[in-house]
Amino acid sequence: DARVTQTPRHKVTEMGQEVTMRCQPILGHNTVFWYRQTMMQGLELLAYFRNRAPLDDSGMPKDRFSAEMPDATLATLKIQPSEPRDSAVYFCASGRPGTSGVYNEQFFGPGTRLTVL
Amino acid sequence: GENVEQHPSTLSVQEGDSAVIKCTYSDSASNYFPWYKQELGKRPQLIIDIRSNVGEKKDQRIAVTLNKTAKHFSLHITETQPEDSAVYFCAASTGNQFYFGTGTSLTVIP
């Protein structure tokens, strides 16, 4: 049963520190999404990649957030410097076009719960 | 861009009753509509989806209907059980990114 994995599962850090979150998409999936979930904002799309190329990162604060895919098996989301308002659960999801080539199914990882003090 | 609205935000039903959650979308180019269930502290999990060339899909106690003309789709859960209690999210996709509703917290009262 293939699953998206994320590390770390929990991270507590102090304001100003760098945070790196990692995601391993399901093998064969060519699309990777990063979401942030808070009680107030729900699920927000931060960025997504297809075939390792960034397609949309308009949801991400560019001054402190960056997302990359060094290879097909690893996606990273970095926050530098972190701030208390970044406290949230960060989900990675991966997907692939459906059999018709049009639809994208996506499956979520377990999330990284980030607390910035 | 796409705008997905979801109602109600909270829903309580008695065990055995039916639950209905409704979503509307704005972009007529959206062609894929998944529903996710998220239990407390867990990841969202796909429970059912529907594509724009289909009007209804059923999987045991769960069904989804789609009205492309009116741009709305609904999740129906019949014979609800306490383990159905969770937050449910609808989403719409044009084949690229996904746009999520704000979620419905469903409580099934034993």
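Scroll up a little and you will see the structure.
Residues numbered from 1 in each chain as written. Chains lettered and ligands numbered in written order. Predicted model: local features only at pLDDT ≥ 70, side-chain atom pairs only at ≥ 80, totals over all residues. Heavy atoms only, no water.

Draft legend 1. Spotlight on the overall build of chain A. Secondary structure summary: chain A contains zero helices and eleven strands in total. Counting helices and strands in the order they occur from the N terminus, chain A gives β-β-β-β-β-β-β-β-β-β-β. Here the C-alpha radius of gyration of chain A, 14 Å, is about what a compact globule of 117 residues would show, namely 13 Å. If one aligns the C-alpha atoms of chain A with their principal axes, the spans along those axes are about 45 × 30 × 30 Å. Out of the 117 residues in chain A, the part that is buried amounts to 47%. The long-range fraction of contacts in chain A, counting pairs at least 24 apart against all pairs at least 6 apart in sequence, stands at 55%. Split by element, the accessible area of chain A, about 5,900 Å² in all, is 51% carbon and sulfur. (Helix = DSSP H or I, 4+ residues; strand = E, 2+ residues; numbered from the N terminus. Rg over C-alpha atoms; globule rule 2.2 N^0.38 Å. Buried < 20%, exposed > 50% of the residue type's maximum accessible area, 1.4 Å probe, protein only. Contact = heavy atoms within 4.5 Å. Areas by Shrake-Rupley, 256 points an atom, 1.4 Å probe, with all protein chains shown as cover.)

Draft legend 2. Quick look at the pairing of strand E3 (residues 19-24) of chain A. Residues and elements named next belong to chain A. Of the two faces of E3, the one holding Val19, Met21 and Cys23 is buried and the one holding Thr20, Arg22 and Gln24 is not buried anywhere. In the sheet, E3 pairs with strand E8 (residues 74-79) via five bridges, with the strands oriented antiparallel. Considered in E8, the bridge of Thr20 is made with Lys78. (Pairing = 2+ DSSP bridges.)

Draft legend 3. Quick look at the state of the cysteines. What the rule picks out here adds up to two disulfides over all chains. In this model, Cys23 of chain A is linked to Cys92 of chain A through a disulfide, with the two sulfur atoms separated by 1.9 Å. One quick way to see it: the torsion about the S-S bond of Cys23 of chain A and Cys92 of chain A is about -55 degrees, and its sign makes the bridge left-handed. Here Cys23 of chain A, found in strand E3, pairs with Cys92 of chain A, found in strand E9 (residues 88-97); they are 69 residues apart in sequence, far enough to count as distant. Judged by relative accessible area, which is 0%, Cys92 of chain A ranks as buried. One disulfide bridge connects Cys23 of chain B with Cys90 of chain B, the sulfur atoms lying 2.0 Å from each other. Note on the Cys23 of chain B and Cys90 of chain B pair: the S-S dihedral is about -100 degrees, so by sign convention the disulfide is left-handed. With a gap of 67 residues between them, Cys23 of chain B in strand E3 (residues 19-24) and Cys90 of chain B in strand E9 (residues 86-93) connect regions that are remote in the sequence. Taking the relative accessible area as the measure of exposure, Cys23 of chain B reaches 1% and is therefore buried. (Disulfide = S-S within 2.5 Å.)

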